[in-house]
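Below are the chains, spelled out letter by letter.
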Amino acid sequence: MHATKEAPLHILGHAERNRLIEENLPLVGYLARDLHSRATHVPLEELASVGALALVTAADAFDPALGVPFGAYARRRILGAFADEMRSMDWASRGIRKRIKETTAVRDTLTARLGRVAGVDEIAATMGLPRAAVVEALDDAARTVTSIDDATALEVPSPMVLPDEAAVLRERRDVLERAVAALPERMRAIVQAVYIDERPVKEIAAELGVSHSAVSQQRAEAIRLLRDALERFAAEEQAEPISRVSVETREAYFARITAMLPRTGRGVTPAASVAL
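### Side note on the overall build of the chain
Next up, step 1: Helices and strands together make up the secondary structure of the chain, namely 11 helices and zero strands.
Next up, step 2: Along its sequence from the N terminus, the chain presents helices and strands in the succession α-α-α-α-α-α-α-α-α-α-α.
Next up, step 3: Within the span of the chain, comprising 276 residues, buried residues form 43% of the whole.
Next up, step 4: For the chain, the share of sequence-separated contacts (at least 6 apart) that also reach a separation of at least 24 residues comes to 69%.
Next up, step 5: When the accessible surface of the chain is summed, it comes to about 14800 Å², and 55% of that surface belongs to carbon and sulfur atoms.

### Things to note about the pattern of salt bridges
Next up, step 1: With the rule as written, the count across this model stands at 11 salt bridges.
Next up, step 2: Here Arg 17 makes a salt bridge to Asp 60, at a shortest N to O gap of 2.5 Å. A residue pair is termed long-range when its members are at least 10 positions apart, and Arg 17 in helix α1 (residues 14–38) and Asp 60 in helix α2 (residues 44–61) qualify at 43 residues.
Next up, step 3: Ionic pairing is found between Arg 116 and Glu 122, a salt bridge with its closest N-O pair at 2.7 Å.
Next up, step 4: One salt-bridge network, held together by shared partners, links Glu 16, Arg 19 and Glu 23.

### A look at the packing of aromatic side chains
Next up, step 1: Applying the stated criterion across every chain yields a total of four aromatic pairs.
Next up, step 2: Taken together, a centroid distance of 5.9 Å and an interplanar angle of 85° make the contact between Phe 233 and Phe 254 edge-to-face. Of the two residues, Phe 233 sits in helix α10 (residues 212–234) while Phe 254 sits in helix α11 (residues 247–260), which places them 21 residues apart along the sequence. Each member of the pair, Phe 233 together with Phe 254, is buried.
Next up, step 3: Ring geometry for Tyr 253 against Phe 254: centres 6.0 Å apart, planes inclined by 35°, an arrangement best described as tilted.
Next up, step 4: Its relative accessible area of 1% is what places Tyr 253 among the buried residues.
Next up, step 5: Judged by relative accessible area, Phe 254 falls into the buried class, the value being 5%.

### A few points about the environment of Ile 257
Next up, step 1: Considering the arrangement of structural elements, one finds Ile 257 in helix α11.
Next up, step 2: On the accessibility criterion, Ile 257 (0% relative accessible area) is buried.
Next up, step 3: Sequence separation between Ile 257 and Ala 181 is 76 residues, and the spatial gap between their C-alpha atoms is 8.2 Å.
Next up, step 4: When neighbours within four sequence positions are excluded, Ile 257 is seen to be in contact with Arg 178, Ala 179, Ala 182, Ala 229 and Phe 233.

### Quick notes on the confidence of the model for the chain
When pLDDT is low, close inspection of the predicted coordinates is not appropriate.
Next up, step 1: On average, residues of the chain carry a pLDDT of 75, and 73% of them reach 70 or more.
Next up, step 2: Between residues 156–164, whose pLDDT stays under 50, and residues either more than four places distant or in other chains, the model counts 20 contacts.
Next up, step 3: Low pLDDT, under 50, characterises residues 264–276; the predicted model gives this stretch 27 contacts beyond four residues in sequence or across chains.

### Section: the nonpolar core
Side chains of nonpolar character tend, in soluble globular proteins, to be buried together.
Next up, step 1: In terms of nonpolar packing, the biggest core is built from 56 residues, with Phe 70, Phe 82, Leu 226, Tyr 253 and Ile 257 touching the most fellow members.
Next up, step 2: Counting residues per element, the ones that place at least two in this core are α1, α2, α3 (70–89), α7 (166–182), α8 (185–196), α9 (201–208), α10 and α11.
Next up, step 3: By size, the runner-up hydrophobic cluster in this structure holds seven residues, among which are Val 106, Ala 118, Val 134 and Leu 138.

What counts as what
- Residues numbered from 1 in each chain as written.
- Predicted model: local features only at pLDDT ≥ 70, side-chain atom pairs only at ≥ 80, totals over all residues.
- Heavy atoms only, no water.
- Helix = DSSP H or I, 4+ residues; strand = E, 2+ residues; numbered from the N terminus.
- Buried < 20%, exposed > 50% of the residue type's maximum accessible area, 1.4 Å probe, protein only.
- Contact = heavy atoms within 4.5 Å.
- Areas by Shrake-Rupley, 256 points an atom, 1.4 Å probe, with all protein chains shown as cover.
- Salt bridge = Lys/Arg side-chain N within 4 Å of Asp/Glu carboxyl O.
- Phe/Tyr/Trp six-rings, centres within 6.5 Å; stacked < 30°, edge-to-face > 60°.
- pLDDT = per-residue confidence, 0-100.
- Core = buried A, V, L, I, M, F, W, Y, C linked by side-chain atoms within 4.5 Å.

Structure follows, in structure tokens:
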């Protein structure tokens, strides 16, 4: 008897990989704009950056032999990346969100009953809480974000093709590829594990010998660095850096990316002419 061999992984060729990325770039823009319209606290540019990275990593990991259309596979990876990004931005724990919900419900009930906006002291008396606790809850309510537990936030209609966004997203993709390669070693390994290998954070943390939160923090900082790189190399107007590393570390990171990018008058060769 012959031993059964595992089916080989059918890795895409370079040209086919690039073709799939370019054909599906409009999907990133559409999904990002659709989610942003219902979760406006998440910057559109950040969603586009995260989505473009997810599209590139989806093409790298895609196996056509599985019989799944690439568009559907990439869509799942992009939405998964959006969910991860929203979780990293959602500062409010379940307990905080519950407290916000209860406090605002009492405020709204009192307001309806009194015919005017209920005061903090009135809300505190009704709830039997200290005034400071109510003030804190109302302050949190003013800055709370859409909960990732709300599944409707990631329910996106069928994709539409937006050709006008393709060129911009293509340039962002080229910068992103090099920006990922230029990340510090541990951050790059975490991005690889989370977005390409789709490994659980708990497993990554155990392998690296660090805590779950440490991996999450490194992943979030990697995304911030990638966004800074996009602002530096692929944006018309420069925004303030959001990464929390030192200025020296950030500039060294930018220098590594610059070394990978062919130069033109403005600084970066147009994406259509950059060889991947």
